Amino acid sequence: MKKIGIKICILFSFIGFICFCQCYFDTYNVFHWKKIRSLGIAMNNNFIKTKYVVNNPRKFNAFVFGSSRVGAINCEMLPKKYNDNELYWFNMTHHVGIPLEHFLSLKTFLENNVDVEAVLLGFDEIAMYSSIEDHKKILVRIPYQTYEENRLKFYIGYLRETVPCYIMKKVFAYQPSEHLREVNAFYNYGEYVPFTLSLGTNPNLDEYKPSVKIEYTQKNSYTDIEKIFDLCKRHSIKLIAFTNPVYETTYRQAVDAGYFEFLRKVAQKCEFYNFSSLNNYSTDPKYYFEWSHYRPALGFVVQEFIFGTEEYREKVRDAAGDPFFGMKVNSENINEVIKHLENQINK
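The following paragraphs examine the structure supplied in this document. (Residues numbered from 1 in each chain as written. Predicted model: local features only at pLDDT ≥ 70, side-chain atom pairs only at ≥ 80, totals over all residues. Heavy atoms only, no water.)

1. With respect to the overall build of the chain
- In terms of regular secondary structure, the chain is built from 15 helices and 8 strands.
- In summary, the chain has a C-alpha radius of gyration of 22 Å against a globular reference of 20 Å for 347 residues, a match within 12%.
- Overall size of the chain, expressed as C-alpha extent along the three principal axes, is 80 × 45 × 40 Å.
- Counted over contacts in the chain with a minimum sequence separation of 6, partners at least 24 positions apart contribute 79%.
- Within the chain, one finds 42 positive and 39 negative side-chain charges whose respective centroids are separated by 9 Å. (Helix = DSSP H or I, 4+ residues; strand = E, 2+ residues; numbered from the N terminus. Rg over C-alpha atoms; globule rule 2.2 N^0.38 Å. Contact = heavy atoms within 4.5 Å. Lys, Arg positive; Asp, Glu negative; His and termini not counted. Charge placed at Lys NZ, Arg CZ, Asp CG, Glu CD.)

Structure representation (structure tokens):
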């Protein structure tokens, strides 16, 4: 009996040691959400940011929602007032974020007494093929609401994950003082990469070919955008939606998969600025890091177009070489817009 007791103690000690190591190295920063380590790898930003906002309900009242692509939107340069209320922006960008997750995050904020005054929503073809069911199986994407439903189950998934050796090396070598700028930017604006308007040079075009197969499997994803519009309307939240300026190779594949049909469905009940087209920006790799993410320089063009003057918008359209670039789309003009986009493709 004594030997069995010793073996059980050894077993639990071993399990405890493993759990301690997993919590300490914490690849996805879920155990360090209050004090992230900027290791240069993807974190579970959906969980970290939602939990941070919920625990600081008075720090922010305006949010940018979207996939990691909207990380190119600079919160420091967004409008500081709406209806005489001061706006404090936070970018909720996270890995392959989809409209349903944005709706759930916004709903969670409201349920936890976060005062939401304004929302800037970016979406694109990712909504056509990426599902929340798949995200719940991927540690870097697990939604915050999974944590709310069952905290033990949520953390067990991370405790089971084997920490790669290169992560261990990064953690051992990590010096917090060397990453204060990134970490402070993350907690102040939701962005942990210093903002720059530089463009790419000598791009490797192999990196501009989509690495995922774009299919239109999520036929009802447009309803998730409608839910966001309805929720904002009920709570008198200023909502501005826009499509991300998708790079040409990705855009063409999305169109072949049914992107125009998706946009047509969204436009029936939701108004948005459309930056998805073939233009001088989307066909030039210098405005993109690779096939998926546009650079802050193009993000700046998008946000200044949305909040700028009509004179500025005309200059941007001239630069884009597309008179429909950034057009506000709704149920009344969607057919005209789609016809224009189809003509671009056919040419």
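Structure shown, so let's carry the discussion forward.
2. Notes on the state of the cysteines
- Evaluated as defined, the whole model comprises 0 disulfides.
- Looking at C232, it has no disulfide partner, and the nearest cysteine sulfur is the one in C270, 10 Å off.
- The exposure class assigned to C232 is buried, which follows from its relative accessible area of 1%. (Disulfide = S-S within 2.5 Å. Buried < 20%, exposed > 50% of the residue type's maximum accessible area, 1.4 Å probe, protein only.)

3. Considering the packing of aromatic side chains
- In the structure shown here, the tally under the stated rule is 35 aromatic pairs.
- Ring centres 5.2 Å apart and planes at 70 degrees place the aromatic pair F47 and Y147 in the edge-to-face group. In this pair, F47 is assigned in helix α2 (residues 45-54) and Y147 in helix α6 (residues 144-149), connecting sequence segments 100 residues apart.
- Note on Y144 and Y147: the rings are 5.4 Å apart at their centroids and 45 degrees apart in plane angle, and the pair reads as tilted. Residue Y144 and its partner Y147 are located together in helix α6, separated by 3 residues, close to a single helical turn. Neither residue differs from the other here; Y144 and Y147 are each classed as buried.
- Pairwise contacts between aromatic rings join Y28, F31, F47, Y144, Y147, F154, Y155 and Y158 into one cluster.
- In this structure, R37 is placed above the aromatic ring of Y24, and the distance from its NZ or CZ to the ring centre is 5.6 Å.
- The ring of F305 carries R313 above its face, with NZ or CZ at 5.6 Å from the centroid. (Phe/Tyr/Trp six-rings, centres within 6.5 Å; stacked < 30°, edge-to-face > 60°. Lys NZ or Arg CZ within 6 Å of the ring centre and 35° of its normal.)

4. Overview of the pairing of strand β1 (residues 62-65)
- Of the two faces of β1, the one lined by A62 and V64 and the one lined by F63 and F65 are each fully buried.
- Note that β1 and strand β5 (residues 118-123) share 4 bridges and pair parallel. Paired with F65 across the bridge in β5 is L121. (Pairing = 2+ DSSP bridges.)

Interpretation note: all reported values are geometric properties and have no functional meaning in isolation.
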